[in-house]
Every structure is written in C-alpha cells, then in structure tokens.
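Chain by chain, the residues run as shown.
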Amino acid sequence: VAIAASCSSPSTAEAVVAEGDAIRTGNDIQAVRGSILHFLRDPGEAASAPAYEFFEDGGLVVRDGKVVAVGPASTVLANISPRRIADYSGKLILPGFIDTHIHYPQTEMVGAFGEELLQWLNKYTFPTERQFANQNYAEAVSKVFLDELLRAGTTSALVFSTVHKQSVDALMGEAYKRNMRIISGKVLMDRNAPDYLLDTPETAYSDSKELIDRWHKKGRLLYAITPRFAPTSTPAQLRSAKRLVDECPDCYVHTHVSENKGEVAWVNELFKNDVREGTSYLGVYDAFGLMTRRAVFAHGVHLSDADFSLLKDRDSAVSFCPTSNMFLGSGLFPYDKAHGMGVKIGLGTDIGAGTSFSQLHTLNEAYKVVKLQGGKLSGLQGLYAATLGSAKALDLESKIGNFERGKEADFVVLDPASTPLVKFRMERAKTPQEKLFVLMTMGDDRSVKATYVAGKLAHDRDEANKAFADGANTK
Ligand SMILES: [Zn+2]
C-alpha cells in the first residue's frame, strides 16, 4: 500500500515508453497488447458460466499498478495513445504465476543427490541453512532468488526462510524494494535438528512477533508463521505458534505435511502422548489449532480421505509440489481426489527439493503425476492452478490471480516461439487448447519474454540474457 501510494505522484506521471517499448513507469494509464488469457473460475468444475476469457488480439490497461480494463484491443485500447502501449502481439499474456511453496535458502542446493526427505534434510539442507545467520549472505541469496522468480514469470510466492530472524529481514527487504507480493516468515524449530538451527518456544514467539510488526502488510508483503514441520517443533512450540495465530489471525501458517512415509510414522511416534489416539499427522496441526483459512500445507502426498475432508472443513490449502515429490521419491499426490473433494490446491515448486523455479516446468511434471494415477490435467486446468487456483489457496483471490478490474497488475508475457523446437511444434498445433498444453509441456524460463510487477516491467528476457552474457564475457 505504501509503495503504491509513493509511485502515484502526479508530478512524475509522464510516461517514458516509446512505441513498442515495455512499460517502465506505473504512474499513469498504460497498456499492453497481445493475446490475453485469464481465469474467472476453475475450468475443472461444472459451471454454467465460462471459466476463462481469451482475447486473441487483446489489451490490458493498467493505472497505478492496478488493472483498469481487459478485453479486445479494438475496444479497450481505442482511446490510449500508442506511445503508452507496449506491443506484445503474437505473444500470450497471463496473470503472473503464483508459487505456493518454496524455500529461498535452498536456491543454492537444487539437485542434491541421492537421498529421501529425512536424510536429505540432515545431509544437505541443515548445513546450507546455517549460512543464513549471516545477513549479508542472506541478502545476496535473496537477490538471486527473486531474480529467478521473475525470470520464471512468478510474481507472488509463499516462501520458507530459515530459523534466523535476519534471513527474513534480508528477503523481505529485497522483496519490498521490488514491490512483490511475497509471504514469508522465520522458521520455528526447537528439536530434532542441529543445535545451530534451533530456537525455543519463547524465542519462536518473540522473534516472530517482532518480524510480524516489521513486515506484515508492509507494502504488499505478508507474514507466515512457519513451523518447519511437526517433527522439529515440541508441543510447547506449536502452542507458541497458536498464540501467534490468535494475535495475528490474518497471518499465514506455512508448514509441511505427509510428504514421506518415514516422516508420517515418525510424527505418529513423536506425538502419541500429546494428541488423542488415532490422530493423523495433519490432525496434529489441527489439535494445536493451526488449521486456519490461511494455512498452507506443503505436499500432502500420503493424506487420507478423512484428512482431505478436514482440510476442506477448515478451509486450509495444500500445496502440490510435483517436481519435489518425484525428485525425493516421496510419492504421487492424489490431485484428482483432493480436487474432487473441493480442497483448495496451490502449485508449488519447493525449490530446492523441487528442481525448477518454472511453474510451466512444474505443470509438465504435474501432468505426469496425475497421469500415473489415471487422470488428465489439461492446459487450461494447469494454467488455472498456477494463477487463480494458487491465489485462492493463498486466500488472495481478491488481490491477484486474474485481470478483473482493481486487481494488482502482475502479469507475464509468454513467447510461443521461445526455442526452434517449441516454435516448430507450435506451428503444428491446431487449437488454442493444444497450444496451451504444448506450452505447459515444453515451456520453461525461456518462454518468459517479460514479467511485470504491479504494472511495471521487472524482467525482460532478452535484456537479462544480454546482461548475463556481458557479465560472463568480462570475467
Ligand atoms: Zn518444502
């Protein structure tokens, strides 16, 4: 809110775009032109009204970082000076991708070989996260991380930091400068990890409280109360988390659940004296009052029907992280079952157990996970999940996820001819649906021509590639 206000000073309202150039200021009315697709509701649900709008030659009009209009170019761009229109004709404009589960400190450990979850944490993750006690280190990685999100077309994310307060300050400070919708929080963990990563029930509370005061609702930022997962928090610490939820009911709860069978058995053993007999892993979080409307549980690969019913009853969300679940050999998330039961499902990359920042790449793997269980995830269903579906999972559909008037103007410009092979394949696609599915199957960060945050250009592929090549050449 503060940033939006500071950007709208009328004295600096003159746009600096030249015809055909990208939008560089968000101060006055601006527009982009291209094919435009956005969702109004879930295309996987039976409904009398259409689930999406598609404008082959479309216009998206933005003022002060918000959507003013979307529709056919001939209508919505009719009264706008061509100087103020960035022309992306031939490309596809979608709402910015939303990542509902990712760890920024693990950016540097993608592709850690050979282990399943619990061994992977001990061998690779904990030593990596130790470095984030150093705020300068955390700031340097935050910049790389946010650059990679934008390169992938992702404009909003729910992000794990580390146990260190300064890891949150580093990420939030950098995200604030970029005016991104980032949700994060200090990790809570007071057992079953190396001493150098442990806090206590008391510091979990006081450090989180301090960070909530500093960052929650500052600009577009929001805070997540973040117990790593049940095995690394004592019951006393989960009660601290509940106290934070009570004092900040619109803060998020962000954690992991039922990713790996060994983990599930361990939770049952650890909490057997603290909860009623027969309580499931998810039920442990419920017993401590942590299943809120703004709770997001990553993975849920091994949840039961009763667990999915509980998620639905509590209006909590699950984050589907296919590249991670395949990489760690965790299992296949029962997407069709959860979706059919009406559970809110977001899409997550789960870097660094996940293997790509790209939600297109993540959808490619999501399709395979669904297919191995006999289902089919269409291009429309996939792109819904990566945009409006994930906005709903984050309880943010009134702010982001599509191009309804008044929404925050985060969007991505996708290139259907990003590589010779993709271009060759696209030329042979016969319907828009087929093109979307090819994009979801073959697309990656090279498909992202440009990413806009609150109406401002935040990433241009060709400029970024040139800068990278220039940097490499001078080394
Ligand atoms: Zn994770």
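The model shown is predicted, which means the values in this text are computed figures rather than measured ones. Along every chain, residues carry numbers that run from 1 in the direction the sequence is written. At least 70 in pLDDT is required for a residue's local features to be given in this predicted model, at least 80 for side-chain atom pairs to be given and counted, and no such filter applies to totals for whole chains, interfaces and linings, which use all residues. Computation of side-chain values covers all heavy atoms of the structure but excludes hydrogens and water.

Visitor: What is the right way to read the side chain of Ser316 from this model?
Guide: Relative to the helices and strands, Ser316 is located in the loop between α10 (305-314) and β12 (317-320). For Ser316, a relative accessible area of 1% corresponds to the buried category. Contacts: residue pairs with any heavy atoms within 4.5 Å of one another. Among all residues touching Ser316, those that are not within four sequence positions of it are Met291, Thr292, Ala295, Phe297, Leu311 and Lys344. Counting from the N terminus, the helices are DSSP H or I runs at least four residues long and the strands are E runs at least two residues long. Type-normalised accessible area, obtained with a 1.4 Å probe on protein chains alone, sets the label of each residue: buried when under 20%, exposed when over 50%, and partly exposed for intermediate values.

Visitor: Before we go on, may I ask you to explain the state of the cysteines in this structure?
Guide: Formally, a disulfide is one covalent bond, and it connects the sulfur atom of one cysteine to the sulfur atom of another. Note on terminology: pairs of cysteine sulfur atoms within 2.5 Å are recorded as disulfides. A complete count under the given rule lists one disulfide for this structure. Between the sulfur atoms of Cys248 and its disulfide partner Cys251 the distance amounts to 2.2 Å. The disulfide joining Cys248 to Cys251 has a torsion of about 75 degrees about its S-S bond and is therefore right-handed. We classify Cys251 as buried; its relative accessible area is 2%.

Visitor: Hey, could you run me through the coordination of the zinc ion in this one?
Guide: Octahedral metals with six donors have ideal donor angles of 90 or 180 degrees. Tetrahedral metals with four donors have an ideal donor angle of 109.5 degrees. Surrounding the zinc ion are the protein donor atoms His101 (NE2), His103 (NE2), His256 (NE2) and Asp350 (OD), which sit 2.0 to 2.4 Å from the metal. The donor definition counts N, O and S atoms within 2.8 Å of each metal and applies 3.2 Å to Na, K and Ca; water is not among these atoms, so some sites may look incomplete. Tetrahedral means four donors with every angle between 85 and 135 degrees, whereas square planar (four donors) and octahedral (six donors) require angles over 155 degrees between opposite donors and between 65 and 115 for all others; sites fitting neither are termed irregular. The site at the zinc ion holds four donor atoms, and with the angles between them running 86 to 173 degrees, its shape is irregular. Positions of the donor residues of the zinc ion, expressed as sequence spacing, correspond to H-x1-H-x152-H-x93-D. Within this pair, whereas His256 is found in strand β10 (residues 252-257), its partner Asp350 is found in the loop between β13 (344-347) and α13 (359-371), the two being separated by 94 residues in sequence. Under the relative-accessibility criterion, His256 is labelled buried at 6%.

Visitor: Quick question: what am I supposed to make of the packing of aromatic side chains here?
Guide: For any pair of aromatic rings, geometry is given as the distance between the ring centres together with the angle between the planes. Stacked, edge-to-face and tilted are the three classes for Phe, Tyr and Trp ring pairs, Trp counted by its six-membered ring, which pair at centre distances within 6.5 Å; planes under 30 degrees apart are stacked, over 60 edge-to-face, the rest tilted. Across all of its chains, the model carries 16 aromatic pairs by this definition. With a centroid separation of 5.8 Å and 50 degrees between ring planes, the pair formed by Tyr104 and Phe145 is classed as tilted. Placement of the pair is Tyr104 in the loop between β5 (97-103) and α3 (117-130) and Phe145 in helix α4 (residues 135-151), with a sequence separation of 41 residues. Its relative accessible area of 0% is what places Tyr104 among the buried residues. A network of ring pairs unites the aromatic residues Tyr104, Phe132, Tyr137, Phe145 and Phe357 as a single cluster. Lysine NZ or arginine CZ positioned within 6 Å of the ring centre and within 35 degrees of the ring normal marks a charge as sitting over the ring. Sitting above the plane of the Tyr196 ring, Arg130 keeps its charged end 4.0 Å from the centroid. Across from the ring centre of Tyr176, 4.6 Å away, lies the NZ or CZ of Lys218, which sits over that ring.

Visitor: What am I meant to see in a nonpolar patch on the surface here?
Guide: Grouping into patches uses exposed residues only, defined as over 30% relative accessible area, and leaves out salt-bridged ones; the cut-off is 9 Å for like charges and 5 Å for nonpolar side chains (Val, Leu, Ile, Met, Phe, Trp, Tyr). Working definition of accessibility: Shrake-Rupley area with a 1.4 Å probe, residue cover restricted to the visible protein chains. The term salt bridge refers to a side-chain nitrogen of Lys or Arg lying within 4 Å of a carboxyl oxygen of Asp or Glu. A cluster of nonpolar residues, Met326, Leu332 and Leu372, forms a patch on the protein surface that exposes about 260 Å² of accessible area. Tracing the backbone through its elements, the reader meets Leu372 in the loop between α13 and α14 (379-393).

Visitor: Got a minute to help me understand empty space enclosed by the protein in this structure?
Guide: In this approach, a probe sized like a water molecule rolls over the atoms, and the result shows the empty space that is left. Definitions used throughout: a 1 Å grid over protein atoms alone; a cavity as a set of points that fits a 1.4 Å probe which cannot get out; a pocket as an open set with protein on both sides within 12 Å along at least five of seven lines; a lining residue as one with an atom within 4 Å of a point. Grid points are joined across faces, edges and corners, and a volume is the space filled by probe spheres set on the points. Scanning the model with the defined rule gives two cavities of 30 Å³ or more in all. In this structure, the largest cavity encloses a volume near 90 Å³. Lining the largest cavity are His103, Gln106, Leu117, Trp120, Leu121, Arg228, Phe229, His256, Glu259, His299, Asp350 and Ala353. With three residues, the top contributor of residues to the lining of the largest cavity is α3. Residue polarity follows a fixed list, in which Ala, Val, Leu, Ile, Met, Phe, Trp, Tyr, Cys and Pro are nonpolar, Asp, Glu, Lys and Arg are charged, and the others, Gly among them, are polar. Broken down by class, the residue content of the lining of the largest cavity amounts to five nonpolar, four polar and three charged. Quantified by volume, the second largest cavity comes out at close to 50 Å³. If you trace the second largest cavity, you find it lined by Pro95, Gly96, Ile98, Thr155, Ser156, Ile400, Gly401, Asn402, Glu408 and Asp410.

Visitor: How should I be thinking about the pattern of salt bridges in this particular structure?
Guide: For side chains bearing opposite charge, pairing can occur when the charged atoms are close. Counted by the stated rule, this structure contains 37 salt bridges. Put simply, Arg228 and Glu129 hold a salt bridge, and the shortest N to O gap is 2.8 Å. On the criterion of sequence distance, the pair formed by Arg228 in the loop between β9 (222-227) and α7 (235-247) and Glu129 in helix α3 is long-range, its members being 99 residues apart. Arg228 sits in the buried class, given a relative accessible area of 2%. Note on Glu129: relative accessible area 0%, which makes it buried. The shortest N-O distance in the salt bridge between Lys165 and Asp207 comes to 3.8 Å. Note that Lys165 is positioned in helix α5 (residues 165-177) and Asp207 in helix α6 (residues 201-215), a separation of 42 residues in sequence. When its relative accessible area of 24% is taken as the criterion, Lys165 is described as partly exposed. One network of salt bridges, in which partners are shared, links Lys165, Asp169, Asp207, Glu210 and Arg214.

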